[in-house]
Amino acid sequence: INEYVLVNFDSFIQIIDLIGGINVYVENEIYDPEYPDMNYGYDPFYIEAGWHQMDGKTALKYARTRHSTDDIDRGRRQQQVLYAVRDKVTAMDMIPKLAPQAYQLWGEMNEGIDTGLSLDQILELAWWAKDIPSTNYSNAVLGWEYVTPQRYEGQDILVPVRELMGPLMVEVFGADYGQ
């Protein structure tokens, strides 16, 4: 991985709301009575199965919740949210509309975003990505067959079993991904 983008919760909410929310298909009902609020308490989260138009706060809860499922499902939902953002921005042809506002928007949100990319590089990538058909994207989540649960410094973690990941890497990135 050559570059990264870290987005804090407030900026995540702002980004989703800026594009008018996202449409997400929730495969299974979710009830998380222990969903954390922003003040070290709880804000129970419930969402039925089916299609939902999500604002930023709901999308954040959907992407973060894990008490009614597990970390693997949470990874799938996080990817689903990212693809929903991409779909919304490209379907509504938002990139050409948002690009002229990019420096102003960056000024409002950059405190909550950490990245190795410059704003110009982000804009270049967005402009390039808008023309890639969704059929040309592939993704995967490391399922339980690719990880080993362990305890590390009092925390439960999932450690990838690297020797099992080769076929998955080829599936996602293509046979010549390491070249």
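Residues numbered from 1 in each chain as written. Predicted model: local features only at pLDDT ≥ 70, side-chain atom pairs only at ≥ 80, totals over all residues. Heavy atoms only, no water.

## Focus: the overall build of the chain
- The secondary structure content of the chain amounts to 7 helices and 8 strands.
- Counting only C-alpha atoms, the chain reaches 45 × 45 × 35 Å along its principal axes.
- Looking at the 179 residues of the chain, the share that counts as buried comes to 28%.
- The long-range share in the chain, meaning contacts at least 24 apart out of those at least 6 apart in sequence, stands at 59%.
- As displayed, the chain offers around 12,200 Å² of accessible surface, 53% of which is attributable to carbon and sulfur atoms.
- Distance between charge centres in the chain, computed from 13 positive and 28 negative side chains, equals 2 Å. (Helix = DSSP H or I, 4+ residues; strand = E, 2+ residues; numbered from the N terminus. Buried < 20%, exposed > 50% of the residue type's maximum accessible area, 1.4 Å probe, protein only. Contact = heavy atoms within 4.5 Å. Areas by Shrake-Rupley, 256 points an atom, 1.4 Å probe, with all protein chains shown as cover. Lys, Arg positive; Asp, Glu negative; His and termini not counted. Charge placed at Lys NZ, Arg CZ, Asp CG, Glu CD.)

## Thoughts on the nonpolar core
- Ranked by internal contacts, the top residues of the largest apolar core, which has 22 residues, are Ile-22, Met-54 and Tyr-62.
- Counting only elements with at least two residues in this core, the list comes to α1 (9-18), β2 (22-26), β4 (45-47), α2 (56-64) and α3 (71-91).
- With sequence-adjacent residues up to four places away left out, Met-54 is seen in contact with Ile-16, Gly-21, Ile-22, Val-24, Val-26, Ile-47, Ala-59 and Tyr-62. (Core = buried A, V, L, I, M, F, W, Y, C linked by side-chain atoms within 4.5 Å.)

## Considerations on the confidence of the model for the chain
- Model confidence for the chain is summarised by a mean pLDDT of 91, while 99% of its residues fall at 70 or above.
- When the elements of the chain are averaged for pLDDT, helix α4 (residues 95-98) gives the smallest value, 86, and strand β5 (residues 50-54) the largest, 98. (pLDDT = per-residue confidence, 0-100.)

## Some points on the pattern of salt bridges
- Inspection of every chain in the model, using the stated rule, returns 7 salt bridges.
- Lys-61 is the salt-bridge partner of Asp-43, the closest N and O atoms lying 2.6 Å from each other. Placement of Asp-43 in the loop between β3 (30-32) and β4 and of Lys-61 in helix α2 is noted, with a sequence separation of 18 residues between them.
- With a closest N to O distance of 3.1 Å, Arg-76 and Asp-73 form a salt bridge. Linking Arg-76 with Asp-73, this pair stays in helix α3, spanning 3 residues, or about one helical turn.
- A relative accessible area of 43% means that Arg-76 is categorised as partly exposed. (Salt bridge = Lys/Arg side-chain N within 4 Å of Asp/Glu carboxyl O.)

## Examining the packing of aromatic side chains
- On inspection of all chains with the given rule, the structure shows 3 aromatic pairs.
- Ring geometry for Tyr-35 versus Phe-45: centroids 6.2 Å apart, planes at 50°, classification tilted. A residue pair is termed long-range when its members are at least 10 positions apart, and Tyr-35 in the loop between β3 and β4 and Phe-45 in strand β4 qualify at 10 residues. For the pair formed by Tyr-35 and Phe-45, the shared burial category is buried.
- Positioned above the aromatic ring of Tyr-62 is the side chain of Arg-77, whose terminal nitrogen or guanidinium carbon lies 5.8 Å from the ring centre. (Phe/Tyr/Trp six-rings, centres within 6.5 Å; stacked < 30°, edge-to-face > 60°. Lys NZ or Arg CZ within 6 Å of the ring centre and 35° of its normal.)

## Re the side chain of Arg-77
- Tracing the chain through its elements places Arg-77 in helix α3.
- Of the side chains with opposite charge, Asp-73 comes closest to the buried, unpaired Arg-77, at an N-O distance of 5.0 Å.
- Excluding anything up to four places from it in sequence, Arg-77 contacts Ile-30, Tyr-62, Thr-65, Arg-66 and Thr-69.

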